[in-house]
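# Observations on chain architecture
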Amino acid sequence: MLHTSATSTTIAQTIFRVALGSVLVAHGSQKLFGWFGGGGIAGTTTAMNAMGFRPAKQSAVMAGIGEAGAGAALALGLATPAAGAGAAITMGVAASVNTPNGFFASEGGLEYPALLGVAAAAFAMSGAGPISLDGVTERRLDQPWMRAVALIVIPMVIGMQIYRRRKTLATVDAASDTESGPQTVASTPATESSNPGTRL
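Residues numbered from 1 in each chain as written. Predicted model: local features only at pLDDT ≥ 70, side-chain atom pairs only at ≥ 80, totals over all residues. Heavy atoms only, no water.

## As for the side chain of Ser132
Looking at where Ser132 falls in the secondary structure, it is placed in the loop between α5 (111–126) and α6 (133–136). In this structure the side chain of Ser132 is engaged in a polar contact, spanning 3.0 Å, whose partner is the backbone nitrogen of Gly135. Ser132 has contacts with Arg17, Leu76 and Gly77, leaving out every residue within four places of it along the chain. (Helix = DSSP H or I, 4+ residues; strand = E, 2+ residues; numbered from the N terminus. Polar contact = N/O pair within 3.5 Å; in protein donor to acceptor, adjacent residues only side chain to side chain. Contact = heavy atoms within 4.5 Å.)

Right, here's the structure in full:
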């Protein structure tokens, strides 16, 4: 009975890991190659620039790799602490961008990327399981110290990226206020009152 339970857990873990990795690969492919209706590097670069990520093209490439590359490694169960950390960082930063829209994905909130990020972080800390390339290679790329490092690195890098983005947006806003002058500042209350839904 115990053997059957362990086998079922292993199978369920593998199915979830492969599904998670595949979803990430699909999203990363949209960013890198324009597949599945994505914008490719050019479209993603434009979006990254608008969201305050600098340099925008480098951010676009890193986001694509963070999803597609880490997702593929997760699906295969290869270097799982690093793969899980890469995916968790990418999704954590994405969730921070969606935070002003609330929680639910239906309203553009953080629900979806946050869930993917938490799932990826869970694999970074627990490993891929026996049905994986890490299992075949006797966990040479999935050591306990690697999992500990992943646990430390994930929140640190997410925090750094959030800070850099907010700093960039603050600089852009300050430059915009300087260029627009007092006339635009005076008209701001009227604009906000007529369009209250545009405020974050």
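Next comes the rest of the account.
## Concerning the packing of helix α3 (residues 56–76) against helix α4 (residues 80–98)
As a packed pair, α3 and α4 sit with axes 8 Å apart at the nearest point and diverge in direction by 145°. Judged by the sense of rotation from one axis to the other, the crossing of α3 with α4 is left-handed. Across the interface between the two elements, Ala63, Gly66, Glu67, Ala70, Ala73 and Leu74 of α3 pack against Thr80, Ala83, Gly84, Gly86, Ala87, Thr90 and Met91 of α4. Residue classes in the contact of α3 with α4 are distributed as 7 nonpolar, 5 polar and 1 charged. (Axes fitted to C-alpha atoms, helices over the stretch in contact; angles between N-to-C directions. Left-handed = near helix turned anticlockwise from the far one by under 90°. Nonpolar A, V, L, I, M, F, W, Y, C, P; charged D, E, K, R; others polar.)

## Examining the environment of Thr178
As for its position among the elements, Thr178 is in helix α7 (residues 144–194). Among the polar contacts listed, one links the side chain of Thr178 to the backbone oxygen of Ala174, at a separation of 2.9 Å.

## Quick word on the packing of aromatic side chains
Counting across every chain of the model gives 3 aromatic pairs. Here the aromatic rings of Phe103 and Phe104 are separated by 5.2 Å at their centres, their planes lie at 80°, and the arrangement is edge-to-face. Overall, the relative accessible area of 45% leaves Phe103 in the partly exposed class. (Phe/Tyr/Trp six-rings, centres within 6.5 Å; stacked < 30°, edge-to-face > 60°. Buried < 20%, exposed > 50% of the residue type's maximum accessible area, 1.4 Å probe, protein only.)

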